[in-house]
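# Geometric and topological summary
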Amino acid sequence: MTDRIADIWGQRTPHARGTVWPARVDEHLEAGLTGADVDRWVQSACVLCSNGCGCDIAVKDGRMVGVRGRATDVVNHGRLGPKGLYGSTPWASSPDRLTRPLIRENGRLVETDWPTAMGRIVARSQQLLAEKGPLSHGFYTTGQMFIEEYYTLGVLGKAGLGTPHMDGNTRLCTATSAAAFKESFGADGQPGSYTDIEHCDAIFLYGHNMAETQTVLWMRILDRTRGEDPPAIVCVDPRRTPVAEEAERTGGVHLAPRVGTNLALMNGLTRELLSNGWYDETWVQEHTIGLAELRAVVEPYTLTAVAEICGVDADELARAARLFGTSENVLSTVLQGFYQSHQATAASVAVHNLHLLRGMIGRPGAGILQMNGQPTAQNNRECGADGDLPGFRNWDNPAHVQELADLWNVDVATIPHWAPPTNAMQIFGYAEDGTIGLLWISATNPAVSMPESARIRKILGGDQCFVIVQDLFLTETAQYADVVLPAAGWGEKTGSFTNVNRTVHLSEKAVDAPGEARTDLEIFLMYADAMDFRDKDGAPLIRWRTPDAAFDAWREATRGRPVDYTGLSYEKLRGPTGIPWPVNEQAPEGTDRLYTDPIFPTSTEQCETYGHDLLTGASVTEQEHRAMAPAGRAFLKGCAYTPAHELPSEAYPLLFTTGRTVYQFHTRTKTARSRSLREAAPDAWVELNPTDAERHGISEGDVVRVESPRGAIEVKARVGQVMPGAVFAPFHYGSWDLADVTPASQSRQANELTMTVWDPVSKQPYFKTAACRVTKIADGTGPSPAPTTAASAPVRGHLPPTQGGSPTSSRLVDTPRYPNDPSQDTAGPAPTETIAGRL
Ligand code: SF4
């Protein structure tokens, strides 16, 4: 039995390049239980990060009591990480679950019944529609609901109400991924596959501490780097993360650019490829447009210039460029270090440029994984609940809008398409000034997760906007609501979702939701019924009543689009593994990687956007796009580096950056209700470099005040491995679990310090570039609560190790055959035995 708090990635199963990743089944059950005690196992997939690991839920006496990885699933080959093992089920039977609706009476939230709560919502909704029209309504959703729920909300919002004000917290974590795909390839959609890990000879991780954010994917990489013919690792990160350590160990490179300078670094790498001739001229000629413009943009970014801007070693930068330029197959992964930092979309597009220059796309090992943060973020992007039109359709293309009008049988004018969809930052701006008079927040916690917390609290708490919150718990956000709706969670409802590499899983209902909690689908249908939304023939607009019928409706919305689900069904998803889209007649078993042809959905008729200027965000018009005649070729797009909005100053000499720990997910709504995870990372902290700590007279565990022009936090300090001049804080910690909630309770919330500033293309707010100052306010009484594992490990001295996870089991099992796995396709006959029946 293993403590997976201490042993985050578990036992290694090393293997050689080009061979299949061996299966290993990880399992955790509540204390005192064994497999023999489990009444039944129910098929699902983990929803505690974007990796989407296939798992089964253990049910005993009507309760979820544990999880087990599915060895037959292409995503995880049976493995689960600490969050999945320890965090998947304890929240469900937490005594503080919401079980009845709440309404605000005389300033207090009081329990009520569903008709009263929904009646209050509908009355306000109808009043606002009559007085101000549909633009008075805003929806702010999540990366944690299911396809069926997003699509239903998308239809009722766009064709029922007709509001463009719909977005999700996906704006905070993965909007740049989608935006970068659209700019380079014409449409959203992950080009690469996890199987690229088995075939690459170098892996570049840009702003992606995968070791903590997607632990199972990192296990997959570790099993390559510990096997024969390992890939070199290149890490771009201002902290010395486990990824950086692996880069050092594999003879790769760790580049720690100054916070806010990613694009300059990317421009330097691009220039090196071009000036050394490390690009495939014929391929670029045939499959891309924009080389001459890109060459001109990156020309000033010599090694010396970039070293100066980014504070990196010029020789190390050159070594990284050589690795990219001379490797046969490179896999690139990108996450928040790029998405939440200055010039996010331009830096992420630059990753695509490197691959396109070398023609490294669409073949095993040569992949791009623009990662997601949340488990179902991909579906919010696909289904139209985030503002984009469903099925990767272009709001600016009348033919695409007409397709939806025909599908939904509504007048095309109902569907908002006169301007770009409203992004989350604008939605909160409109709620601030009362333009949006009804804001419906589902399964997310903006009071903790959005930038500039004091402003968000004021918006949520003001009289100018009626706030509805639909969630599992009385979160920091729900405490400001006018109506709170109790929702069912994972395992308490059936639905499907898609992970970061397009793999769709079905998650079956395992247990009943507590009390009067309803599924998000039921809640949206209840509202649609009460509002009596109709199509143009007078029939109900939303004709489905069940998750499988909603899924069937969604499948039809994808017909003919890049995100093609038409070959999928619940029945098919009840098989041994998740299935990556597109799934259709041409690819009935799904598609491991995109762009094998390589033809990109960039034609003016097909694309999801006509594109943008990466520096200003200005839109490319249809005429301009047509004039470029992309015709299936990808775009090479460059952009000059500009300094970040807020630079260090005399008053605020350091740079503040936020991030994550391996033991918590988002605002800890689920993970902090697991004892093992809560005790591993119980409270907030900040990390300082030893030099900066010494300069400020700060030692491990001292209480410090960190201030920006917008707010302050007071937490304990970890003298750690962040680069000089930077201060790191985890963003997970709000106030719901504090006994005494006062304004001072917010003193541990990292977003007190962050800015209301966003990327001009993806509209993703910047969480990683703010100026700050640090002052010691008290001597410590012991070490900071930061884990001693992974990137928050102390730089020196011996501290009590982070450990104490309840026991888990881990078994090596026969490796089954995985559909579409190129390792098995190329390695001769694959094992035909499936182990599903034996588990
Ligand atoms: S890697 Fe992500 S999806 Fe997989 S078990 Fe961990 S938290 Fe869950």
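Residues numbered from 1 in each chain as written. Predicted model: local features only at pLDDT ≥ 70, side-chain atom pairs only at ≥ 80, totals over all residues. Heavy atoms only, no water.

### Some words on unusual backbone geometry
Convention followed: Numbering of helices and strands runs from the N terminus; a helix is a DSSP stretch of H or I covering at least four residues, while a strand is a stretch of E covering at least two. Type-normalised accessible area, obtained with a 1.4 Å probe on protein chains alone, sets the label of each residue: buried when under 20%, exposed when over 50%, and partly exposed for intermediate values.
In this structure, P582 follows W581 across a cis peptide bond, with omega equal to 0°. Tracing the backbone shows P582 in the loop between strand 20 (579-580) and helix 24 (622-628). The linkage connecting D597 with the following residue, P598, adopts the cis geometry, with an omega of -10°. Phi is positive for A443, close to 55°, though the residue is something other than glycine. Positionally, A443 belongs in the loop between strand 15 (438-442) and helix 19 (446-449). Given the relative accessible area of 19%, A443 is considered buried. Non-glycine residue H666 carries a positive phi angle of around 50°. For H666, the position within the fold is in the loop between strand 22 (654-659) and helix 25 (675-680).

### Remarks on the site of the ligand
Defined as follows: One heavy atom within 4 Å of a molecule or strand is enough for the residue carrying it to be called near that molecule or strand. Throughout this entry, Asp, Glu, Lys and Arg are counted as charged residues, while Ala, Val, Leu, Ile, Met, Phe, Trp, Tyr, Cys and Pro are counted as nonpolar. The remaining residues, Gly among them, count as polar.
In the neighbourhood of the ligand, the contacting residues comprise C46, L48, C49, N51, G52, C53, L80, G81, K83, G84, T215 and V216. Secondary structure elements with two or more residues in the shell around the ligand: helix 1 (82-87) and helix 7 (215-225). Across the shell around the ligand, the residue classes tally to six nonpolar, five polar and one charged.

### Section: the pattern of salt bridges
This is how it is decided: The salt bridge definition used is simple: a Lys or Arg side-chain nitrogen within 4 Å of an Asp or Glu carboxyl oxygen.
One pass over the structure, following the stated rule, counts 57 salt bridges. With a closest N to O distance of 2.6 Å, K637 and E183 form a salt bridge. Of this pair, K637 sits in the loop between strand 21 (634-635) and strand 22 while E183 sits in helix 5 (residues 175-185), and the two are 454 residues apart along the sequence. Taken as a pair, K637 and E183 share a single burial class, namely buried. Connected via shared salt-bridge partners are R668, D683, D737 and R748.

### Remarks on the sheet that holds strand 10 (residues 232-236)
The condition is simple: In short, DSSP must find at least two bridges between two strands for them to pair. To obtain each axis, a line is fitted to C-alpha atoms, and for helices this fit is confined to the stretch in contact; angles are then taken between N-to-C directions over 0 to 180 degrees. When checking whether two residues touch, look at their non-hydrogen atoms; a contact exists if any pair is within 4.5 Å.
Spatially, the five strands line up as an open sheet ordered 11-10-9-13-14, and their pairing is parallel. Only two strands of the sheet have a single neighbouring strand rather than two, namely strand 11 (253-255) and strand 14 (368-370). Sheet twist, expressed as the average angle between the axes of neighbouring strands with direction ignored, equals 10°. Of the strand pairs in this sheet, strand 9 (residues 202-206) and strand 10 are connected by five bridges, and their pairing is parallel. By the bridge assignment for strand 10, F204 is matched with V234. Helix-sheet contacts for helix 8 (residues 242-249) involve strand 9, strand 10 and strand 11, and the interaxial angle to strand 10 is about 140°. Contacts from helix 13 (residues 314-326) reach strand 9, strand 10, strand 11 and strand 13 (330-334), with the element oriented near 125° to strand 11.

### Some words on the nonpolar core
Keep this limit in mind: Buried Ala, Val, Leu, Ile, Met, Phe, Trp, Tyr and Cys residues that are joined via side-chain atoms within 4.5 Å together make up what is termed a nonpolar core.
By size, the foremost hydrophobic cluster in this structure holds 139 residues, and its most contacted members are Y206 and V706. Ignoring anything within four residues of it in the chain, the contact list for V706 reads F656, V686, G711, A712, I713, V727, L753, C772, R773 and V774. Ranked by size, the runner-up nonpolar core spans 61 residues in total, among them F392, F533, Y565 and W581.

### Thoughts on the pairing of strand 1 (residues 24-29)
In terms of burial, strand 1 is largely enclosed, as six of its six residues are buried. Bridge count for strand 1 against strand 28 (residues 809-812) is four bridges, and the pairing is antiparallel. In the sheet register, R24 faces strand 28, and the bridge partner there is L812. Bridging between strand 1 and strand 4 (residues 63-69) involves three bridges; their strand directions are antiparallel. Across the sheet, L29 pairs through a bridge with G66, a residue of strand 4.

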